[in-house]
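Breakdown of the fold
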Amino acid sequence: MASKLPLRMMPGFPMASPRPWSMRAFSTCRRSTLPLPIASRPSSLVSRPLIQRSFRRSYADAPQAQLSPEPKPKKRFRFFLWTWRLTYLSVLAGLGYVTYQIYEGRNPKEQLEPDPNKKTLVILGTGWGSVSLLKNLDTENYNVVVVSPRNYFLFTPLLPSCTTGTIEHRSIMEPIRNILRHKKAKVKYYEAECTKIDYQKRIVYAKDDSEIKGDTMETEIPFDLLVVGVGAENATFGIPGVREHACFLKEVGDAQKIRKQIMDCVETATFKDQSPEEIKRLLHMVVVGGGPTGVEFAGELQDFFMEDLQKWVPQIKDDFHVTLVEALPNVLPMFSKQLIEYTESSFKEEHIQIRTKTMVKNVTDKYIEAQVQNPDGSKVLEKIPYGLLVWATGNALRPVVKDLMSQIPAQAKARRGLEVNEYLVVNGTENIWAVGDCAVANYAPTAQVAAQEGTFLARLFNTMAKTDAIEAELRDLSGKQATANPDQRKVILEEINERQRQLRRIKQIGPFSYSHQGSLAYIGAEKAVADVSWFSGNIASGGTMTYLFWKSAYLSMCFSTRNRILVFFDWAKAKFFGRDVSRE
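Residues numbered from 1 in each chain as written. Predicted model: local features only at pLDDT ≥ 70, side-chain atom pairs only at ≥ 80, totals over all residues. Heavy atoms only, no water.

**Some thoughts on the overall build of the chain**
- The helix and strand tally for the chain stands at 17 helices and 25 strands.
- Burial status across the chain gives 41% buried among its 584 residues.
- Surface exposure of the chain reaches about 34,400 Å², of which carbon and sulfur atoms provide 56%. (Helix = DSSP H or I, 4+ residues; strand = E, 2+ residues; numbered from the N terminus. Buried < 20%, exposed > 50% of the residue type's maximum accessible area, 1.4 Å probe, protein only. Areas by Shrake-Rupley, 256 points an atom, 1.4 Å probe, with all protein chains shown as cover.)

**Here's the deal with the sheet that holds strand β5 (residues 188–191)**
- Read from one edge to the other, the open sheet built from five strands follows the order β5-β2-β1-β9-β21, with strand pairing classed as parallel. Each edge of the sheet is formed by a strand with only one pairing partner; in this case those strands are β5 and β21 (432–434). The mean inter-strand angle of the sheet, taken between neighbouring strand axes irrespective of direction, is 15°.
- Two elements, strand β1 (residues 120–124) and strand β9 (residues 225–228), share four bridges in a ladder whose sense is parallel. Of the residues in β9, the one forming a bridge with Leu121 is Leu225.
- Taken strand by strand, helix α14 (residues 447–483) contacts β1, β9 and β21, and its axis lies near 160° from that of β21. (Pairing = 2+ DSSP bridges. Axes fitted to C-alpha atoms, helices over the stretch in contact; angles between N-to-C directions. Contact = heavy atoms within 4.5 Å.)

**What about the pairing of strand β7 (residues 203–207)?**
- For β7, a buried count of four out of five residues is recorded, marking the element as mostly surrounded by other parts of the structure.
- Bridging between β7 and strand β8 (residues 218–222) involves five bridges; their strand directions are antiparallel. Its bridge partner lying in β8, Ala206 is registered against Thr219.

**Here we look at the nonpolar core**
- One finds Leu124, Val228, Leu457 and Phe461 to be the most contacted residues of the largest nonpolar core, which totals 123 residues.
- When residues of this core are assigned to their parent elements, the largest contribution, nine residues, is made by α14.
- Looking at which domains feed residues into this core, each of domain 2 (120–230 + 399–437 + 444–464) and domain 3 (242–396 + 516–577) supplies at least three.
- Contact partners of Val228, with chain neighbours within four places excluded, come to Leu124, Ile197, Leu404, Leu418, Ile432, Trp433, Ala434, Val435 and Cys438. (Core = buried A, V, L, I, M, F, W, Y, C linked by side-chain atoms within 4.5 Å. Domains from an automatic or database assignment.)

**Some thoughts on the packing of helix α16 (residues 544–557) against helix α17 (residues 561–577)**
- Where α16 meets α17, the closest approach of the two axes is 9 Å, and the angle between their N-to-C directions is 150°. One finds that α16 runs roughly antiparallel with respect to α17. Of the two elements, α16 crosses α17, and the hand of that crossing is right-handed. Contacts from Trp550, Lys551, Leu555 and Ser556 of α16 reach α17 at Arg564, Val567, Phe568 and Trp571.
- A class-by-class count of the residues in the contact of α16 with α17 yields five nonpolar, one polar and two charged. (Parallel < 35°, antiparallel > 145°, perpendicular 65-115°, else oblique. Left-handed = near helix turned anticlockwise from the far one by under 90°. Nonpolar A, V, L, I, M, F, W, Y, C, P; charged D, E, K, R; others polar.)

**Some words on unusual backbone geometry**
- Phi is positive for Phe237, which is not a glycine, with a value near 55°.
- Locating Phe237 in the fold gives a position in the loop between β10 (233–234) and α8 (242–245).

**Considerations on the UniProt feature "transmembrane region" (unreviewed entry) in the chain**
- When the UniProt feature table is mapped to this numbering, "transmembrane region" (unreviewed entry) covers residues 79–100.
- Across residues 79–100, the secondary structure splits into 100% helix and 0% strand, with the terminal C-alpha atoms separated by 31 Å. (UniProt positions renumbered as here; feature names shortened; annotations may be inferred.)

**Regarding helix α13 (residues 399–407)**
- Burial in α13 covers these residues: Val400, Val401, Leu404 and Met405. Down the axis of α13, the smallest arc covering the buried residues is 140°, so these residues share one side. Away from the buried face of α13 by more than 90 degrees, exposed residues Pro399 and Ser406 are located.
- Buried residues belonging to α13 abut β6 (193–198), β9, β20 (418–419) and β21. (Arc of directions from axis to C-beta.)

**What about the pattern of salt bridges?**
- The tally for this structure, following the rule as stated, stands at 14 salt bridges.
- Glu168 is paired through a salt bridge with Arg259; the nearest N and O atoms lie 3.7 Å apart. One end of the pair, Glu168, is in the loop between α6 (159–162) and β4 (173–175); the other, Arg259, is in helix α9 (residues 252–269), and 91 residues separate them in sequence.
- The exposure class of Arg259 is buried, given its relative accessible area of 14%.
- Here the salt bridges do not stand alone but share partners, grouping Glu307, Asp308 and Arg579 into one network. (Salt bridge = Lys/Arg side-chain N within 4 Å of Asp/Glu carboxyl O.)

**Quick word on the sheet that holds strand β11 (residues 247–248)**
- On the basis of which strands lie adjacent, the open sheet formed by five strands has the order β11-β18-β12-β13-β14 and parallel pairing. Sheet topology places β11 and β14 (352–355) at the edges, where each strand pairs with a single neighbour.
- Alignment of strand β12 (residues 284–288) against strand β18 (residues 388–391), held across four bridges, turns out to be parallel. Across the sheet, residue Val288 finds its bridge partner in β18, namely Trp391.

**A closer look at helix α12 (residues 337–349)**
- Look at α12: 19 Å from first C-alpha to last across 13 residues, which is about the 18 Å you get at 1.5 Å a residue.
- Of all the residues in α12, the buried ones are Leu339, Ile340, Thr343, Ser346 and Phe347. In a view along the axis of α12, the buried residues occupy a sector of 130°, so they form one face of it. Residues of α12 that are exposed and point over 90 degrees away from its buried face: Lys337, Gln338, Lys348 and Glu349.
- Contact partners of the buried residues in α12: α11 (292–312), β13 (321–325), β14, β23 (518–524), β24 (527–534) and β25 (537–543).
- At the C-terminal side of α12, His351 shows a positive phi close to 65°. (Expected span 1.5 Å × (residues − 1).)

**Regarding the side chain of Glu174**
- Here Glu174 is to be found in strand β4.
- Among the polar contacts made by the side chain of Glu174, one reaches the side chain of Ser560 at a distance of 2.9 Å.
- Ignoring any residue separated from it by four or fewer positions in sequence, one finds Glu174 in contact with Tyr152, Phe153, Ile179, Phe559, Ser560, Arg562 and Asn563. (Polar contact = N/O pair within 3.5 Å; in protein donor to acceptor, adjacent residues only side chain to side chain.)

**Thoughts on the pairing of strand β16 (residues 367–373)**
- Two elements, strand β15 (residues 358–363) and β16, share five bridges in a ladder whose sense is antiparallel. Paired with Asn362 across the two strands is Glu369, which belongs to β16.
- Where β15 folds back on β16, the antiparallel hairpin that results is connected by three residues.
- In this structure, β16 lies alongside strand β17 (residues 379–385), joined through seven bridges in antiparallel fashion. Of the residues in β17, the one forming a bridge with Gln373 is Lys379.
- The turn linking β16 back onto β17 is made up of five residues, and Gly377 within it adopts a positive phi angle of 95°.

This is the structure:
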């Protein structure tokens, strides 16, 4: 029966009002902020959508405190959020910069043709000094000619890493044509060796020593200005057998030769029926020279053995040894005493033997004869057998430098190289400069010194070009002044005064001054030592953190973005996959 009741008679449904609502009552209902009670709800005479709109408006007009009394949750981890955003943006910016550098390196611009009326500047060599000069030189001011038998720049501080496969040799080589092609004006390059410099005739004689020779094997290159940056060769100090039996560490070919000979010694030592004495000899690696090159190579070689060789050739574990021989009382003489002691203690932990006060007197194919000074001062001659001998000592003059010194009377007393003045001009000349290992400038023959010398020379040559241009303008203005009327003469005099002021400002360039940035050396076992200049003092440090600094410093000093990327991936490859133990 309940189901048949009328809708208005069903339980819970409001009964109809005895009289219809007035418009005033309906307006009052809409302005109410709370819903009406059931007893006061409007009858079915009022449409349902109209009531819903009234309620929605009432809900919107209600205070928020009543509708959402709970407080908003506080934002947490705000610092980490902003750190992530900054990191994300920095990575994007870095990738964009690297992409731009790669694109710019791969797409050189058009170059200006040489002007025959300008002076010819000949640069010998593609080492640190010469390349630093080329990098900063404005080639629009001169007709530049580069002569070198090596058509690439070599980042020599990482060369010891190439001997064990930590870094591939091409990763630290920058083709010289990549450098020259990005200059504003064209630069001529000849892959040849300078055989003679005729100072009086101002001619450089160059010889093509490549395997494929053309019709012209030797040529003459005239010059107005000459920069000698041919470097130096390895010094043997007249010790017999060094050049015949020792490996040097100065060029890419030297690193490749050492790498092959290391594996030759290992494979020959594991050959059938080798005597125990022969095995010990073959696996004894001797490094002569306690400077940064010798120390870094010894550390790299021991790392190669500890991390790779003994895993894949375990039978050599007990016989492989590395010995560092130094004639001075300690290694790394350019470092502080604290770092020298740290290096020696680290080598002792790595089982690298250091033999100081040991002077090599003779070298044969199987052993070296060395004079050893005992603690009591007595000296004895000792034979030290070896399988690999690496000679990492001082420098010697190249024949072309010796010949040039013989032509200049002011260089008669020079012994270590071309003596230069404070502007790097070769003493006794006016148009020849020298940089790098072939110059004697009262500084240590390091890559850092050579690079700063090259930068200074570039600034000097750029200044000289501006000076010549202003002086030419002054001569023209002086000629015009003689035939000008009084009004024009006044204007010309003002221009002359202005050019003279410019000339005085340009000529204020000071002499060369070397700024020592510090010394770095890798000592093996992911440790390094650093003696870095900081404001008015030095900071000496050593250990794993210094090793990370050593890596970052050398990575930043690589010549191009290409080199940095290749070196970084070589380090990563050696870390994850190990070094290659194949012979080639």
